[in-house]
Amino acid sequence: MPAHDEVDRIVDAWTTERPDLDFAPLQVFSRVGRLARHLDRARKESFSTSGLESWEFDVLSALRRAGDPYQLSPKALLQQTLVSSGTMTNRIDRLVERRLVHRRTDPNDGRGILVVMTAKGRDSVDSAISSLVAAETILLGKLAQPDRERLAGLLRKLSLDFD
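The protein chain appears in an unreviewed UniProt entry as MarR family transcriptional regulator from Terrimesophilobacter mesophilus.

Novice: Mind showing me how you'd approach unusual backbone geometry here?
Specialist: As a rule of thumb, non-glycine residues mostly have phi less than zero, and peptide bonds are mostly trans rather than cis. Between D68 and P69 the backbone carries a cis peptide bond, its omega angle lying at 20 degrees. Here P69 shows up in the loop between helix 3 (54–65) and strand 1 (71–72). Look at Y70: it is not a glycine, yet its phi comes out positive at around 55 degrees. Secondary-structure assignment places Y70 in the loop between helix 3 and strand 1. Backbone geometry at R99 places phi at a positive 60 degrees, although glycine is not the residue there. With respect to the helices, strands and loops of the structure, R99 is situated in the loop between helix 5 (85–97) and strand 2 (101–106).

Novice: Mind showing me how you'd approach the pattern of salt bridges here?
Specialist: Within the structure shown, the criterion is met by ten salt bridges. Of the charged contacts, one joins D126 and R64 as a salt bridge, the two residues approaching to 2.7 Å between their closest N and O atoms. In this pair, D126 is assigned in helix 6 (residues 119–139) and R64 in helix 3, connecting sequence segments 62 residues apart. The class of D126 is partly exposed, set by a relative accessible area of 25%.

Novice: Explain the nonpolar core here, please?
Specialist: One recurring pattern in soluble globular proteins is that nonpolar side chains are buried together. Among the nonpolar cores identified, the biggest contains 22 residues, and L52, F57, L60, L63 and L77 are the most heavily contacted of them. Breaking this core down by element, the ones donating at least two residues are helix 3, helix 4 (74–81), helix 5, strand 3 (109–117) and helix 6. With six residues, helix 3 is the largest single contributor of residues to this core.

Novice: Just to check I follow, could you spell out the side chain of S50 for this structure?
Specialist: The residue S50 is located in the loop between helix 2 (24–49) and helix 3 in this model. According to the relative accessible area criterion, S50 is buried, its value standing at 14%. Looking at S50, its side chain comes within polar contact range of the main-chain oxygen of S46, at 3.5 Å. Only 3.1 Å separates the side chain of S50 from the backbone nitrogen of A128, close enough to count as a polar contact. In this structure, S50 is in contact with S124, S127 and A128, ignoring residues within four places of it in sequence.

Thresholds applied
- Residues numbered from 1 in each chain as written.
- Predicted model: local features only at pLDDT ≥ 70, side-chain atom pairs only at ≥ 80, totals over all residues.
- Heavy atoms only, no water.
- Helix = DSSP H or I, 4+ residues; strand = E, 2+ residues; numbered from the N terminus.
- Salt bridge = Lys/Arg side-chain N within 4 Å of Asp/Glu carboxyl O.
- Buried < 20%, exposed > 50% of the residue type's maximum accessible area, 1.4 Å probe, protein only.
- Core = buried A, V, L, I, M, F, W, Y, C linked by side-chain atoms within 4.5 Å.
- Polar contact = N/O pair within 3.5 Å; in protein donor to acceptor, adjacent residues only side chain to side chain.
- Contact = heavy atoms within 4.5 Å.

Structural data, given as C-alpha cells:
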C-alpha cells in the first residue's frame with residue numbers, strides 16, 4: 001500500500017471528528033478533484049506552448065476530430081463543448097479574428113453556416129494535442145498499463161450517467 005496522501009490525512013481527521021459518517025466518497029472524489037487541478041495545470045501549459053487558450057483547444061479539437069474538411073455547424077460545436085449559443089458565437093468570432101477558423105455557408109442548407117478550421121488552426125491544435133498527450137502520460141507515469149486501463153474503465157462506468 002502506498003504512503004498516505006493528503007486525502008488520507010483529511011479523511012482521518014474527519015473520521016476522528018465525525019465518526020458517525022462514512023467518508024468513503026471523499027476517498028474517491030477528493031482525489032479526483034485534486035488530480036483535476038493537476039491536469040488543469042498540465043493542460044494550460046500544453047495549450048499555452050501552442051498559443052491556445054483551453055476554450056480554443058476545445059473548439060479546435062472538436063473540428064479536428066470531425067476529420068477532413070474539419071468543419072462543423074455551430075450546433076454540433078455546442079453539443080461537443082457544452083457551452084451556450086451566445087458563448088459559442090463569441091468563441092467562433094474570436095477564433096475567426098485569430099484566423100484559426102472561418103465561416104462558410106453550408107452547401108446543404110443555404111441558411112446555415114459551417115465553422116471550418118484553417119491550416120493555422122490545425123497546426124495549433126495538432127501541436128497542443130501532442131504536448132497534452134505527453135504531459136498526461138507523465139501524470140500517469142506511476143501506473144502500469146493494466147492499472148491505467150482498469151482506472152479508465154472504472155471512471156467510464158462512473159461517468160456514464162453524467163454524459
